[in-house]
Amino acid sequence: MLDIANAQLIRQGQPVELPPKSFALLAYLAQRPGELVLKDTLLDVVWGRRFVSEGAVKTVVSELRAALRDDARAPLWIETVQRRGYRFVGRLQPLPFLRRGRCRPGGDPCGNLPLSLTPAIAREAEGAALDTLLANHRLVTLTGAAGVGKTRLALSRALARRTDYADGAWLLELAPLAADTCDEATLRATLASALQLDSAAAAANDALVRALRPMTLLLVVDNAEHVLRPLAPLLAHLHVQLPQLHLLVTSREPLHIPGEHVLRLAPLSVPAPEWTTTWPD
Ligand SMILES: Nc1ncnc2c1ncn2[C@@H]1O[C@H](COP(=O)(O)OP(=O)(O)OP(=O)(O)O)[C@@H](O)[C@H]1O
Ligand SMILES: [Mg+2]
């Protein structure tokens, strides 16, 4: 089981310890099952080509094979394509399926949102405005400057509203994705992993649409600004194809796609000091 969102490989119920580069290489290959991935591509994706020779790819693949107890001559996971690259030939078990329709007011919390948020300061008006937008539109983007509180407000409103959606509210955290290597395939795989869908759902946009079609959920797509280029067309497609999908995106910049409603968050005003100095007229 490969949990890309949490950078974990789970084998027979136990996490397999993998160094970050090994995990990144495995995740890249596993998202392209059966596809030949060239050594050059892996150098770009995993090392960003920083003065690394092809030998580094070979070393990481050997480490991975050792961790997976795989054999290069009879591979069950990673096949070598002589002088060219590698191919993922493993069979990944899907993460447990998202259990549908179990979200009831007063029932179990539904989704994967962090449950503990310390009380927020002074965002009642923006929270109410966001609630109204979410109740009336299926694609809402919360924009604003870095650190202004977008993630915080989005998570707190999504958490409060999660029982309004039969399948709850789910977080797709994009901050860990690298801007230069993130493409639609990476986004699909990260989404499928976050929503605990079968990894086959990540194969293509249509497969993702099919997997999501029966669900009514709020998806919080958090910290999107650095991957807007591949994200915008993917979300535009999902938004059009899935009338029961509700999207709340946080991003420093809007997506600029049809159907998007933007709420711009201004910085919290500095509280008036309790002491004041009055100058004589
Ligand atoms: N209303 C609030 N009350 C208390 N703390 C807050 C509030 N809004 C934000 N914070 C805190 O400020 C910090 C930055 O907030 P947050 O991560 O939500 O900003 P952001 O706009 O999403 O930033 P970025 O653009 O980097 O994603 C966090 O530690 C958060 O807990
Ligand atoms: Mg944020």
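That block above? That's the structure.
Owing to the predicted nature of the structure, the values given are computational and were not obtained by experimental measurement.

Draft legend 1. Structural context of the packing of helix α7 (residues 205–212) against helix α8 (residues 228–241). One way to put it is that α7 packs onto α8 with a least axis distance of 10 Å and a crossing angle of 40 degrees. Viewed along their axes, α7 and α8 adopt a mutual orientation that is oblique. Once α7 is placed against α8, the crossing between them reads as right-handed. Of α8, the residues touching α7 (which contributes Asn-205, Asp-206, Leu-208 and Val-209) are Leu-234, His-237, Leu-238 and Gln-241. Tallied by class, the residues present in the contact of α7 with α8 amount to 4 nonpolar, 3 polar and 1 charged.

Draft legend 2. The coordination of the magnesium ion (ligand 2), seen in detail. Coordination of the magnesium ion (ligand 2) by the protein is provided by Thr-151 (OG1) and Asn-223 (OD1), with metal-donor distances spanning 2.0 to 2.1 Å. Placement of the pair is Thr-151 in helix α5 (residues 150–161) and Asn-223 in the loop between β9 (217–222) and α8, with a sequence separation of 72 residues. You can call Asn-223 buried: its relative accessible area is 19%.

Draft legend 3. Molecular detail of α7. Along α7, the residues that are buried comprise Asn-205, Ala-207, Leu-208, Val-209 and Leu-212. Along its buried surface, α7 packs onto α6 (184–194) and α8.

Draft legend 4. Structural detail: the pattern of salt bridges. All chains considered together, the criterion is met by 9 salt bridges. Taking the shortest distance from any N to any O, the salt bridge between Asp-164 and Arg-161 comes out at 3.7 Å. With a shortest N-O distance of 3.9 Å, Glu-225 and Arg-252 are connected by a salt bridge. Highlighted residues: Glu-225 in the loop between β9 and α8 and Arg-252 in the loop between β10 (245–250) and β11 (261–264), separated in sequence by 27 residues. Its relative accessible area of 39% is what places Arg-252 among the partly exposed residues. When salt bridges with common partners are traced through the structure, they connect Asp-131, Arg-157, Arg-161 and Asp-164 into a single cluster.

Draft legend 5. Summary view of the side chain of Thr-186. Looking at where Thr-186 falls in the secondary structure, it is placed in helix α6. What Thr-186 contacts, discounting residues up to four positions off in sequence, is Gln-31, Arg-32, Leu-177 and Thr-181.

Draft legend 6. Here's a closer look at the site of ligand 1. Among the 13 residues in the neighbourhood of ligand 1, the closest are listed as Ile-121, Lys-150, Arg-152, Asn-223 and Arg-252. Between an oxygen atom of ligand 1 and a side-chain N or O atom of Lys-150, the distance comes to 2.7 Å. Contact with the protein chains covers 68% of the free accessible surface of ligand 1, which is 630 Å².

The rules behind each value
Residues numbered from 1 in each chain as written. Chains lettered and ligands numbered in written order. Predicted model: local features only at pLDDT ≥ 70, side-chain atom pairs only at ≥ 80, totals over all residues. Heavy atoms only, no water. Axes fitted to C-alpha atoms, helices over the stretch in contact; angles between N-to-C directions. Helix = DSSP H or I, 4+ residues; strand = E, 2+ residues; numbered from the N terminus. Parallel < 35°, antiparallel > 145°, perpendicular 65-115°, else oblique. Left-handed = near helix turned anticlockwise from the far one by under 90°. Contact = heavy atoms within 4.5 Å. Nonpolar A, V, L, I, M, F, W, Y, C, P; charged D, E, K, R; others polar. Donors = N, O, S within 2.8 Å, 3.2 Å for Na, K, Ca; no water. Buried < 20%, exposed > 50% of the residue type's maximum accessible area, 1.4 Å probe, protein only. Salt bridge = Lys/Arg side-chain N within 4 Å of Asp/Glu carboxyl O. Near = heavy atom within 4 Å. Polar contact = N/O pair within 3.5 Å; in protein donor to acceptor, adjacent residues only side chain to side chain. Areas by Shrake-Rupley, 256 points an atom, 1.4 Å probe, with all protein chains shown as cover.

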